[in-house]
Amino acid sequence: MTALVTLRNITKSYTRGKQKVEVLHGVDLDIESGEFLALMGPSGSGKTTMLNLIAGLDRPSSGEVSVNGERIDRLSRGALADWRARHIGFVFQFYNLLPVLTAESNVEVPLLLTNLSRSQRRQRVKTALELVGLSDRARHKPGELSGGQQQRVAIARAIVADPTLLVCDEPTGDLDRQSAEEIMNLVQALNRRHGKTIVMVTHDPKAASFASRELHLDKGRLAENVARDAA
Amino acid sequence: MKYFRLVWAGLWRKKVRTILTMLSIVFAFLLFGLLQGINQGFNQQLQRLDVDRMYVTPRNGQADPLPISYYEQIKAIPGVKAVAPWTYFGGYFQDARNPIPAFATEARALFEVYKELEIKPEYLDAMEKTRTGALVRDTLAAKYGWKIGDRVPIGTSIWTQKSGGSTWYLDIVGTFGASAYGGGFPSFYLNQSYFSEAAAFGNHQTSLYVLRVEDPRQAASVASAIDTKFENSNAETRTESESAMMQRQLKQVADINFIANTIAGAVIFTLLFLTANTMMQSVRERTSELAVLKTLGFSDGKVLVMVLVEALMLCLFAAAIGLFLAGAVFTAPQLRAVLGALGMPTIVLVMGGAIAVGLALVSGLPPAWRAKRLNIVEALAVR
């Protein structure tokens, strides 16, 4: 396998008031194509910061971030936005759907940035909603859906543009146990059946157990690496 | 166009607030449309007034009449094509509550001055032949059911007759279409010679003279010649174009232009803060949604434009309704009866559209800029 994501000697610090806080200290990481990686660690360990760097939402203070051979830490804000649209699918803890749009319109949002025609966009949306098992809820607004259903819509939105990398930030953090398991089965299926490379941040060991590899972060350093059989 | 649904949905995220803001804009532009419509309408009417029509009025104000003897003297001044006395009669029909805008004049000369009046030549002949004749605006005749040949009693609280009565019996010899003031003024004319002969007093006077010059380029020299002729007399004159006189008279009532601009300006200025506040609140509430859009790949510029377009949609949609309503008000018969055929001038629509765009850009720019500068990581962290 070849590394799809490469982080080299990454540091990231923030300024809070007069204090400079270093969140990541010289992290090196390779994520293989087709891998399902779970990033775990206590609050403040730097896992969301690392996810933001991988997803091109933030830039490192030093070091290199490459995705698919492209140095994304060197891209301008505009180019990074364009890169995210083409390469990254996001799943958030609180779903972050647009409340005024229906499920299908929410799923369509990333496709508005492509050159697809309206009928092509509709077809893609239909396929994505079928994949997450929500075709019958296409015309419902987020407020009319359960938490688990909203997260399915969010997953459909994340995959509809067929991104290179799927990034999930605590995808089960706001769900009950049963819904969480359904969502994790769906995410795992996207990895195993559809070959999606997934990076997931989670506190939940149960959710992490669905991943093919677990990485533990502690105080901004990679602490433990647990690999599982992908089968 | 593909972003339309996204922008439209954002606009209606808080329906009540959007509707209330929209209503404020609708009423502001309704007010703007009405004030500017009246203002511009008057201005356009003034510009449309005949450039070769002039008025000779008393220099000391219209309360003082001019001698009727000026009539022949003005007629003799080179460059004057036609001149007619215009004596305010101010009668009523049957009851003082039915006022009639009646004037004593020399009909043939008057209709020569007011080319826009449409009258059959035989009615003018009849007026000359009938001492007690009257020419009536067709709408006025229709209102009271008068026909040619009718003898109508016109009462007056000013002009008693030498015979002692205050009711003048006048014979309708013709009707005419259109009006000296744009179509809405229902005039009634009687013969100046009959008035001078029958009135118990004031029969050697007239309120003003109206004249037409042979060439508009001579207007200034004719005006000067008339005023010079009567300079240092007991009744000095002020000769001016129809447009100048109307403007002066309107300004005596109020500076409509100033009032309209001041009120409209104050309303739009207040509206600016209201709309800016609404947009700012709307963007603040959607901080995480805008951050999500940016996360999905919407660039800073796209987000800025989307917020600006949202402000534009809000302002333009509401302004269009306001201006449409103002236009509809101008077609109301009650208003037409007062203001004549004033309509919503195109320039007011253009001005309204431009102000709506300006309002949207100025009120939408701060929140749009805020949305553009939004940091995704910070915005998503605040929940």
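Residues numbered from 1 in each chain as written. Chains lettered and ligands numbered in written order. Predicted model: local features only at pLDDT ≥ 70, side-chain atom pairs only at ≥ 80, totals over all residues. Heavy atoms only, no water.

**A short note on the overall build of chain A**
The number of helices and strands found in chain A is seven helices and 10 strands. Relative to the compact-globule value of 17 Å for 231 residues, chain A shows a C-alpha radius of gyration of 17 Å, a close match. The principal-axis extents of the C-alpha atoms in chain A amount to approximately 50 × 40 × 40 Å. Contacts in chain A between residues at least 24 apart in sequence constitute 69% of all its contacts with a sequence separation of at least 6. Taking the 31 positively charged and 27 negatively charged side chains of chain A as two groups, their mean positions are separated by 5 Å. (Helix = DSSP H or I, 4+ residues; strand = E, 2+ residues; numbered from the N terminus. Rg over C-alpha atoms; globule rule 2.2 N^0.38 Å. Contact = heavy atoms within 4.5 Å. Lys, Arg positive; Asp, Glu negative; His and termini not counted. Charge placed at Lys NZ, Arg CZ, Asp CG, Glu CD.)

**Focus: the sheet that holds strand 4 (residues 91-93) of chain B**
Sheet strands line up and pair through hydrogen bonds in the backbone, either parallel or antiparallel. All names here are of chain B. With respect to topology, 11 strands assemble into an open sheet ordered 5-4-8-9-7-10-6-3-12-1-13, the strand pairing being mixed. If you trace the sheet from one side to the other, it starts and ends with strand 5 (99-100) and strand 13 (237-241), each paired once. Taken together, the five bridges between strand 7 (residues 133-137) and strand 9 (residues 167-176) define a ladder with parallel strand orientation. Bridge pairing in strand 9 links Gly 133 to Asp 171. Helix 8 (residues 219-229) rests against strand 1 (53-58), strand 3 (80-88), strand 12 (208-213) and strand 13 of the sheet, and its axis sits at about 170 degrees to strand 13. (Pairing = 2+ DSSP bridges. Axes fitted to C-alpha atoms, helices over the stretch in contact; angles between N-to-C directions.)

**Examining the packing of helix 10 (residues 256-285) of chain B against helix 14 (residues 346-373) of chain B**
All names here are of chain B. The contact between helix 10 and helix 14 brings their axes to 9 Å, and the two run at 30 degrees. Our pair here, helix 10 against helix 14, has a crossing hand that is right-handed. Of helix 14, the residues touching helix 10 (which contributes Ile 268, Leu 271, Leu 272, Thr 275, Ala 276, Met 279, Met 280, Val 283 and Arg 284) are Ile 355, Leu 359, Val 362, Ser 363, Pro 366, Pro 367, Arg 370 and Ala 371. (Left-handed = near helix turned anticlockwise from the far one by under 90°.)

**Some words on the packing of aromatic side chains**
Residues and elements named next belong to chain B. In total, this model carries 27 aromatic pairs over all chains according to the counting rule given. Seen in terms of ring centroids, Phe 29 and Phe 32 are 6.0 Å apart; in terms of plane orientation they differ by 65 degrees. Their pairing is edge-to-face. Of this pair, Phe 29 and Phe 32 are both found in helix 2 (residues 15-48), three residues apart, which corresponds to roughly one turn of the helix. Here Phe 29 falls in the buried class, since its relative accessible area comes to 0%. Taken together, the ring pairs connect Trp 86, Tyr 88, Phe 103, Phe 111, Tyr 114, Phe 176 and Tyr 189 into an aromatic cluster. Sitting over the face of the ring of Trp 369, Lys 372 holds its NZ or CZ atom 4.8 Å from the ring centroid. (Phe/Tyr/Trp six-rings, centres within 6.5 Å; stacked < 30°, edge-to-face > 60°. Buried < 20%, exposed > 50% of the residue type's maximum accessible area, 1.4 Å probe, protein only. Lys NZ or Arg CZ within 6 Å of the ring centre and 35° of its normal.)

**Brief notes about the interface of chain B and chain A**
Counting from both sides, the interface comprises 26 residues of chain B and, opposite them, 26 residues of chain A. Note on chain B versus chain A: buried area summed over both sides is about 2300 Å², and carbon and sulfur give 63% of it. Ranking the residues of chain B by area buried against chain A places Lys 2, Arg 5 and Leu 296 of chain B at the top, with a combined share of 27%. At the surface where chain B touches chain A, the tally comes to two salt bridges. (Buried area = accessible area lost by both parts, 1.4 Å probe. Salt bridge = Lys/Arg side-chain N within 4 Å of Asp/Glu carboxyl O.)

**Some words on the pairing of strand 1 (residues 3-16) of chain A**
Taken together, the 10 bridges between strand 1 of chain A and strand 2 (residues 19-32) of chain A define a ladder with antiparallel strand orientation. The residue of strand 2 of chain A that forms the bridge with Thr 6 of chain A is Asp 30 of chain A.

**A short note on the sheet that holds strand 4 (residues 62-67) of chain A**
Residue and element names in this part refer to chain A. Spatially, 2-1-4-5 is the arrangement adopted by the four strands of the open sheet, whose pairing is antiparallel. One side of each edge strand has no neighbouring strand; the edge strands of this open sheet are strand 2 and strand 5 (70-71). Sheet strands in contact with helix 1 (residues 47-54) are strand 1, strand 2 and strand 4, and its direction is about 60 degrees off that of strand 2.

**Re the nonpolar core**
Met 50 and Ile 54 of chain A together with Leu 6 and Phe 29 of chain B are the most contacted members of the largest nonpolar core, which totals 86 residues. Of the residues forming this core, the biggest block, 14 residues, is contributed by helix 12 (residues 300-330) of chain B. With sequence-adjacent residues up to four places away left out, Met 50 of chain A is seen in contact with Leu 7, Leu 24, Val 27, Leu 29, Leu 39, Leu 217 and Leu 222 of chain A. Residues Ala 84, Met 127, Ile 226 and Met 245 of chain B belong to the second largest nonpolar core, which totals 41 residues. (Core = buried A, V, L, I, M, F, W, Y, C linked by side-chain atoms within 4.5 Å.)

**Some details on the pattern of salt bridges**
Tallying each qualifying case throughout the model produces 32 salt bridges over all chains. Taking the shortest distance from any N to any O, the salt bridge between Glu 108 of chain A and Arg 121 of chain A comes out at 2.8 Å. Taken together, the residues Glu 108 of chain A in helix 3 (residues 103-108) and Arg 121 of chain A in helix 4 (residues 118-131) connect sequence positions 13 residues apart. For the pair shown, Glu 108 of chain A and Arg 121 of chain A are each scored as buried. The partner of Arg 5 of chain B in a salt bridge is Glu 108 of chain A, and the shortest N-O contact between them spans 3.1 Å. Remark: Glu 108 of chain A occurs in helix 3 and Arg 5 of chain B occurs in helix 1 (residues 4-11); the pair is interchain, linking two chains. Residue classification places Arg 5 of chain B among the partly exposed positions, given a relative accessible area of 38%.

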